[in-house]
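Residues per chain, in single letters:
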Amino acid sequence: MTAIVAAAVLAGAIFTGTGAAQADTSPPNASTPRTVAADALPTAQINGVVWSQKIVGNTVYVGGEFTRARPAGASAGTSEVSRNNLMAYNLSTGVMTSFNPSVNGVVRAITASPDGSRIYVGGGFSTVGGVARTRLAAFSTATGALLSGWNPTANGTVRALGASGSTVYAGGSFTSTSGQSRQKAASFSASTGAVGTWKGTIPDGAVNALTISPNGDRVIIGGSFTSYNGATTPGYGMAATNSSTGAAVAWNIGKLIRNAGPNGAILSLTSDADGVYGTGYDFGSGAMFEGTFRASWSNGNTVWIEDCHGDTYSAVPVGNVVYTTAHAHFCGNIGGFPETNPRSYHRTLTFSKAATCTITRNVTGGSYFNFEGRPCPTLLAFYPDINTGTFTGQGQGPWNVAANSQYVLYGGEFTIVNNKRQQGLTRFAVSSIAPDREGPKATGTSFQPTLSTPSANSVKVTWKSNYDRDNEQLTYQVLRNGVVVRTQTGLSVDWRRPTISWTDTGRSGGTSYTYQVRATDPFGNTVTGSSASIRATGAANKEAPAATITPNAPADAPDATVTPDILPVPEVVPAPVPDPDILPVPEVVPAPVLEPDPGVKPLPDDEPLPIPEVPAD
Ligand SMILES: [Ca+2]
Ligand SMILES: [Ca+2]
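To start, this report covers the structure provided alongside it. (Residues numbered from 1 in each chain as written. Chains lettered and ligands numbered in written order. Predicted model: local features only at pLDDT ≥ 70, side-chain atom pairs only at ≥ 80, totals over all residues.)

With that out of the way, let us pick up the overall build of the chain. Per the secondary structure count, the chain includes two helices and 41 strands. Here the chain holds 617 residues, and 52% of them are scored as buried. A separation of at least 24 residues holds for 58% of the contacts in the chain among residues at least 6 apart in sequence. (Helix = DSSP H or I, 4+ residues; strand = E, 2+ residues; numbered from the N terminus. Buried ≥ 20, exposed ≤ 12 C-beta atoms within 10 Å, placed from the backbone. Contact = placed C-beta atoms within 7 Å.)

This is the structure in structure tokens:
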């Protein structure tokens, strides 16, 4: 007995001490941040991969590697127009704009001037619309025109851009800009393009990401470089710099998180007034972090870390939520999903901006650093299904996430979102402007009760929790012979579907009863599963068993609010899914296949390797 009590207390402590999922568009706890709704909104599509997105007003600028774009709903190869590596669409409608500059090489980065009057793009191109532009270019957002007066050059790929005041900052793999020596980092006059004074000594690797402090005094850089201005602690994969001189300034999280060299890097940095959000990957020696961190603007102190295992490509804060893209396969150290065999992946993870929990001991072994005891955020219950594409050959889906107060946008190389064809771009909106039609996903025999007769005149009804892409709390109704006899709520997400039981007493022995379970989300989206029947034991009742029950809708009535997902042409293998009932139209969908995920080249998947020694934060 003592052991059982102790175990129960321990389990309770673990549950409350970690970031158990508790949020969505209508979280059961009012203090939990609300996410956007999981309805995938109609959005323009591209035929390659999206590396960068930038929202300017009601326009979304999209950069990457592609040659064609097409409207939402159009199949690949149909209704296409030419869009070479840079395009734009209307944020609120998802409809492509006329912006068509035709860039002849990859676009890796897009930023906007503080007043939104222009965008700056960087990448690996040499012409824009036939006009020479060497890896950097600027456009008017009013006219879409290439700006003739801004024409600096870089001798290697530009991977990151930022703008503040009258200065544009760039990071990448170049060693000179406009003929002046600049190792991986350079600044330019926003008006003339003249090379500025911001620079550092970065002898190796590349700068993948940069972000600028709200008052413009600091630029934080991240990448695969192993030192900055001769220093490594910090300076290994990250540095905070004076935005005028490039001199290193305090960046304490750089003493803890150590990702650089050939086996790891910081892959993204974003920020808001509340701090800096960074992501990374680890493929072994010289690296140790996958997931997302939040650091404060005050000396770069650690605010939280989510150490979900799996390369993490991009993060964006909005309101009190942080949205990320990754190929996360284990989130157990912060109370999230376990590792599965074969692996299953969550390609979007969403967190509270606030630190709410404490990281538990890393239980997976391998190369993963043990961040035990450090603060973590809450993993929120928002799980759109986004598949892996084939364009890069790296087995990934979304690579970038952008957001404003109303919309969250994912870009990448995926081809299916929520089991519907949608390539490269997708939009989600806050509940107040979203359809809110994403309901419980398990149907038919995947949502069928099992019945038993544990004692005379009783039937025990047991079912596996349903799950919903944007609501953790669902309401369950048990129907006996088509009439609701029980209503209760339960918490679940796709990776955690507890078994629920209820015992129906007062049954008449020798009588057969038929049961179904109905699940309804907070927006009235409803699914009623398959039925099961059983004959009760014990004495026969003298009175009719259902006499006092309020009639309800017949159990076989159609669930009017549910629109089944349809995958019209099953030539593409859906994303790995943890449960077959995520695909509710089995006759037109191939059997779920847990695709191998090779990870990222040259950012490969996780391999067990020794944990590097890391100084304390
Ligand atoms: Ca829902
Ligand atoms: Ca990895």
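And the narrative resumes.
Residue placement: Val195 occurs in the loop between β16 (185–189) and β17 (207–212). Judged by the 20 C-beta atoms lying within 10 Å of it, Val195 is buried. Setting aside anything within four residues of it in sequence, one finds Val195 in contact with Pro152, Thr177, Ser178, Gln180, Ala186 and Phe188.

Let us now look at the sheet that holds strand β18 (residues 218–223). Strand order in the open sheet formed by four strands is β17-β18-β19-β20, and the pairing between neighbours is antiparallel. Each of the sheet's edge strands pairs with one partner strand only, and the pair in question is β17 and β20 (248–249). Pairing geometry for strand β19 (residues 238–242) and β20, over two bridges, is antiparallel. Within β20, the residue paired with Ala240 across the bridge is Val249. (Pairing = 2+ DSSP bridges.)

Each neighbour pair has its own omega, and for Thr233 with Pro234 the value is 0°, a cis peptide bond. Omega for the peptide link from Asn341 to Pro342 comes to 0°, which places this bond in the cis form. Along the chain, the position of Pro342 falls in the loop between β26 (321–328) and β27 (346–358). You will see that Asn419, though not glycine, has its phi angle at about 65°, which is positive. The phi dihedral of Asn481 is positive, around 50°, even though this residue is not glycine. Of note, Asn481 is situated in the loop between β36 (473–480) and β37 (483–491). Of the residues examined, Asn481 has 18 C-beta atoms within 10 Å and is grouped as partly exposed.

Before going further, it helps to spend a moment on the sheet that holds strand β35 (residues 458–464). Note on sheets: strands pair through backbone hydrogen bonds, and any given pair is parallel or antiparallel. Pairing is antiparallel across the open sheet formed by three strands, whose spatial order is β34-β35-β38. The open sheet is flanked by β34 (450–452) and β38 (499–505), the only strands paired with a single partner. Within this sheet the neighbouring strands show an average axis-to-axis angle of 20°, counted without direction. One ladder, built from three bridges, connects β34 with β35; its direction is antiparallel. Residue pairing in the sheet places Leu451 in a bridge with Val461 of β35. (Axes fitted to C-alpha atoms, helices over the stretch in contact; angles between N-to-C directions.)

Looking now at the nonpolar core. Counting residues in each nonpolar core, the largest one holds 147 residues, and the members touching the most others are Leu161, Ala170, Leu210, Tyr323, Val401 and Ala403. Once residues lying within four places of it in the same chain are set aside, the contact partners of Tyr323 are Ala315, Val316, Val318, Thr348, Thr350, Val401, Ala403 and Val408. (Core = buried A, V, L, I, M, F, W, Y, C linked by C-beta atoms within 7 Å.)

Looking now at the environment of Ala519. Structurally, the position occupied by Ala519 is in strand β39 (residues 512–520). Its 27 C-beta neighbours within 10 Å are what place Ala519 among the buried residues. When residues no more than four places from it in sequence are discounted, the contact partners of Ala519 are Pro440, Phe447, Asn466, Leu474, Tyr476 and Val527.

Our focus in this paragraph is the environment of Thr426. Within the secondary structure, Thr426 sits in strand β33 (residues 425–429). C-beta crowding within 10 Å serves as the criterion here: with 27 such atoms nearby, Thr426 is assigned to the buried category. Note: C-alpha distance between Thr426 and Gly94 (332 residues apart in sequence) is 8.6 Å. Once residues within four sequence positions are removed from consideration, Thr426 is found in contact with Ala40, Thr43, Tyr410 and Val417.

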